[in-house]
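Chain and residue survey
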Amino acid sequence: MTGAVLSYSESPDLAGEVAAAGQEVAKMLGAEAVSLELDEVSPGLLTANKVVLVKGELPLEAIADSAAAGILELVKARGFGALLIAETRFGTIVAAKVAARLRVGSLGKGKKLRVDEGRLVIERDVYGGRFTATVASRLPCVAVVQAGAYEAADASPGPAESVAVTVGEPKVAITQTKQGQQGEAGIKSALKIVSAGRGFARKEDLVIAQDLASALGASLGCSRPLSSDLGWMGEEAHIGLTGAYVHPQLYVAIGISGQLQHVAGIKDSKVIVAINKDAHAPIFQVADYGIVGDLYEVVPALTKALKQG
Amino acid sequence: MNIVVLVKSAVDEAELKADQSGHPVLKGAATKMSAFDMNGVEEAVKLKEKNGGTVIVLTLGGPEAKKAIKEAMAMGGTKAVHVLAEAADAPDSLGTAYCLAQAIKRIGAVDLVVSSEGASDTYQGEVGAMVAEFLDLPFIAYAKKVETDGVKVRCEQGLRGTVRVLEARLPAVVSVVSEANVPRYPTLLQVMVAGKKAIEDVPIASLKGPDYPDTGTVVVDVSVQSASRKRVIFDGTPEEAARKLAGALKQEGVL
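Here's a quick rundown of the structure.

So, on to helix 8 (residues 295–308) of chain A. In a regular helix each residue adds 1.5 Å, so 14 residues correspond to 20 Å; helix 8 of chain A covers 19 Å between its end C-alpha atoms and thus fits that length. Taken as a whole, helix 8 of chain A has its buried residues at Leu295(A), Val298(A), Val299(A), Ala301(A), Leu302(A), Thr303(A), Ala305(A) and Leu306(A). In this structure, the buried side of helix 8 of chain A is in contact with helix 5 (206–216), strand 13 (250–254), strand 14 (271–276) and strand 15 (289–292) of chain A together with helix 6 (238–252) of chain B. Sitting at the amino-terminal end of helix 8 of chain A is Asp294(A), which places a side-chain oxygen 2.9 Å from the backbone nitrogen of Tyr296(A).

Okay, structure coming up:
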């Protein structure tokens, strides 16, 4: 029998999704599905899987080194069929480290996992999300599960088994920690998103987008220039290839031109709305609904129209 | 201080065409240095300018990768090592990391390896971390600020809603995000000089030892994605257009 399919999420918000992915793959393999938790079982964990709590003498989740080492210790002792890790930047590094240490295949970040002739197969975005690559690897292997690719199982976890591991001192030390912006998982699981781009002239004007977001009950995101170049919003709000991949019911892009890098992160949205003064902006090519006009006039009018129902 | 910077030659994803069956036309497609690697090169060159030493540009790819190497050299690379792998021999991410690590061992006396957050074509973002594992070196990911005193490297990392300062002893591997810097544009003179700098070619087969990780990871298919969007534009005054849009969203059931 194939070893267990392990799932792990650094972010509690994505733990249910990756557990559901693990369950599906486990069923295909006729294997056991196990949700891994490091340090402590997160409250409200949605998983029908057995939970194994991996605990080290040092906090494992503090640093990717330790998280990977903790998972490795467990895997060495028990074997595994596949390891699925929820898509966060931290998770990506843990996946890479585990794959390299075990010298097993790494499928990268994707969705639609399936088993074919004893191999695990994934579909992933390549070339800025314009193409899909289907990648297969021998088992055991490691894969990163894209946020929104699986519906979180609405279930309470099975009994948690606690496993103590010994991991060495990490090679990297944290010398200082300060609180940053909102966590990256927040926007990834948002059902509605209002997103701001370079069309905004000043940081203060973002209140226009915020007003619309409030009227919709939406989260506020942005394109890369607003977080990276201008620093108007936290980098966790950045949506696109190098930021968050989102999959809301409604995505409203305001003053965003629609470069490939941004579009890569939004194309799984159900409905995309674009508001831009440039009729030739590429965002209109990927939008369901658009208004060509000055965002400073159109957005307040939309907020008003929505409030009036 | 000897710094190795990892550079990938990537297909220009915006220019890439699909053939009639929906597969990408990679033959003859335009390539360039992967956009995010420009930030890696910039950081490496900045560190060299501050601390002295050399920047060695390390690339794995086919003959077309010479273009990306020259772009990196023009930005300030001292020399270059090109692990030559034809498309048919292109390894998976783990195999790539193994070969890059082997090449770094051959270069010897490397203090710092710099990579970027991911490649602009595949954006897997794993090779830097894997190289660190193969070399058994500390790895600091997603650095937006890098400093070194020649003994330690200290980075600022914004991750999981927290900004952390991370520190490791050299030699180490660091991946930088594009917030870290603004890549320089080389002058014409720098481009011309870079064209004459020596590039050492290393056949990939010469790097593969008996411990080469053959994981059986293969790309089975690459197909174009079809985006079918409604592309309805509402006109009229801002108020009229906004009302029509609100109505459409209500009908979609997404409010």
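Core analysis: the largest hydrophobic core is formed by 67 residues, its most contacted members being Leu36(A), Ile71(A), Leu83(A), Val94(A), Leu58(B) and Ile104(B). When sequence neighbours within four positions are dropped, the list of residues in contact with Leu83(A) reads Leu6(A), Leu36(A), Ile71(A), Val98(A), Cys141(A), Val142(A) and Ala143(A). Membership of the second largest hydrophobic core comes to 39 residues, among which are Met233(A), Ala237(A), Val252(A) and Ala301(A).

On to the side chain of Ser223(A). Of note, Ser223(A) is situated in the loop between strand 12 (219–222) and helix 6 (224–229). Those residues in contact with Ser223(A) that sit more than four places away from it in its chain are Ser195(A), Ala196(A), Gly197(A), Arg198(A), His238(A), Ile239(A), Ile256(A) and His262(A).

Turning our eyes to something else, we now look at the pattern of salt bridges. What the rule picks out here adds up to 31 salt bridges over all chains. With a closest N to O distance of 2.9 Å, Arg89(A) and Glu117(B) form a salt bridge. Of this pair, Arg89(A) sits in helix 3 (residues 89–102) while Glu117(B) sits in the loop between strand 6 (112–116) and helix 4 (127–135), which puts the two residues in different chains. Accessibility expressed as a relative area gives 16% for Arg89(A), which makes it buried. Judged by relative accessible area, Glu117(B) falls into the buried class, the value being 2%. Here Glu167(B) and Arg154(B) are joined by a salt bridge, their closest N and O atoms 2.8 Å apart. With Glu167(B) in strand 9 (residues 162–169) and Arg154(B) in strand 8 (residues 152–159), this residue pair connects regions lying 13 residues apart in the sequence. Taking the relative accessible area as the measure of exposure, Glu167(B) reaches 12% and is therefore buried. Note on Arg154(B): relative accessible area 41%, which makes it partly exposed.

Here is what the cut-offs are and how they apply
All residue numbers here refer to positions counted from 1 along the written sequence of the relevant chain. Chain labels run from A onward and ligand labels from 1 onward, assigned in the order the entries are written. The predicted nature of this model means local features are confined to residues of pLDDT at least 70 and side-chain atom pairs, given and counted, to a pLDDT of 80 or more, with totals for whole chains, interfaces and linings taken over all residues. Excluding hydrogens and water, the side-chain figures rest on all heavy atoms present in the structure. Secondary structure follows DSSP: runs of H or I at least 4 residues long count as helices, runs of E at least 2 residues long count as strands, and numbering of each begins at the N terminus. Helix span, expected: 1.5 Å multiplied by one less than the number of residues in the helix. Exposure classes here rest on a 1.4 Å probe applied to the protein chains alone. A residue is buried below 20% of its type maximum, exposed above 50%, and partly exposed in between. The contact rule is simple, with two residues in contact once any of their heavy atoms fall within 4.5 Å. Polar contact is defined as a pair of N or O atoms within 3.5 Å, subject to the rule that within protein one atom must be able to donate a hydrogen and the other to accept it, and that residues adjacent in sequence are counted only when both atoms are side-chain atoms. Remark: nonpolar core denotes a set of buried residues (Ala, Val, Leu, Ile, Met, Phe, Trp, Tyr, Cys) joined through side-chain atoms within 4.5 Å. By definition here, a salt bridge exists when the distance from a side-chain nitrogen of Lys or Arg to a carboxyl oxygen of Asp or Glu is within 4 Å.

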